[in-house]
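# Fold and geometry: a report
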Amino acid sequence: MDERSEYQGDGLGLVDDKGRVAIPASLRQALATNSPRPDGKDGGTIIVGVHPKQACLRAYDPAFVKILKAKVEAREALHTGEDGEPNYNFKRRGASGEQAPFDGSGRFIMPPFPRDYAGIGEYAFFWGTFDWIEIWDPATLIAATDVDPVMQAACRFHCKQKGIAL
């Protein structure tokens, strides 16, 4: 695949008791384009792991793994200690991710540990960042002090549209 679709869009999904949620339509097509099923049917694979710095999830397609690994290795190389040892935590955190299949409607089951780590309960807010999709617990996102206020406003908007009080 020469051209990657970029993740732009946002939305709010209802999470059921099993952790099943649907990827918003604004992000689903890019994910399906970047990770087509070999049998040509609708759906594909999403990789979900913890974000390297914030209490949210980072989701992307399998082809992005090589790109992400190269970025992590470049960062690791910049943080080699005087003894020549790298900071192994860059790879430890960067490699966080579990594959999950998604169907033609974008439904997938969030892996339990990442979901628990991010505190995602009944709702999940999705935000495209070109390279990956962030998945947040809405209350956690609204309380965060180090995220873009436009992203927080979008989360508030989607919650208001669904009658969810934050």
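Look above for the structure.
Residues numbered from 1 in each chain as written. Predicted model: local features only at pLDDT ≥ 70, side-chain atom pairs only at ≥ 80, totals over all residues. Heavy atoms only, no water.

### Observations concerning unusual backbone geometry
The backbone of Phe130 shows a phi angle near 70°, a positive value even though the residue is not glycine. Inspection of the secondary structure assignment puts Phe130 in the loop between β7 (123–128) and β8 (133–136). For Phe130, a relative accessible area of 45% puts it in the partly exposed group. (Helix = DSSP H or I, 4+ residues; strand = E, 2+ residues; numbered from the N terminus. Buried < 20%, exposed > 50% of the residue type's maximum accessible area, 1.4 Å probe, protein only.)

### Describing helix α6 (residues 149–161)
An ideal rise of 1.5 Å per residue puts 18 Å on 13 residues; α6 measures up with 18 Å between its terminal C-alpha atoms. Along α6, the residues that are buried comprise Met151, Gln152, Ala154, Cys155, His158 and Cys159. Taken down its axis, α6 places every buried residue within 160° of arc, on the same side. In α6, the exposed residues that point more than 90 degrees away from the buried face are Pro149, Val150, Lys160 and Gln161. The elements touched by buried residues of α6 are β1 (10–14), β7, β8 and α5 (138–143). (Expected span 1.5 Å × (residues − 1). Arc of directions from axis to C-beta. Contact = heavy atoms within 4.5 Å.)

### Points about the nonpolar core
Within the largest apolar cluster, 21 residues are counted, with the highest numbers of intra-cluster contacts made by Ile46, Phe108, Met110, Phe126 and Ile135. Residue assignment for this core shows that the elements contributing at least two residues are α1 (25–34), β3 (44–50), β4 (57–60), β5 (98–102), β7 and β8. At three residues, the largest contribution of residues to this core is made by α1. Listed in part, the 13 residues of the second largest apolar core include Met151, Ala154, Cys155 and Ile164. (Core = buried A, V, L, I, M, F, W, Y, C linked by side-chain atoms within 4.5 Å.)

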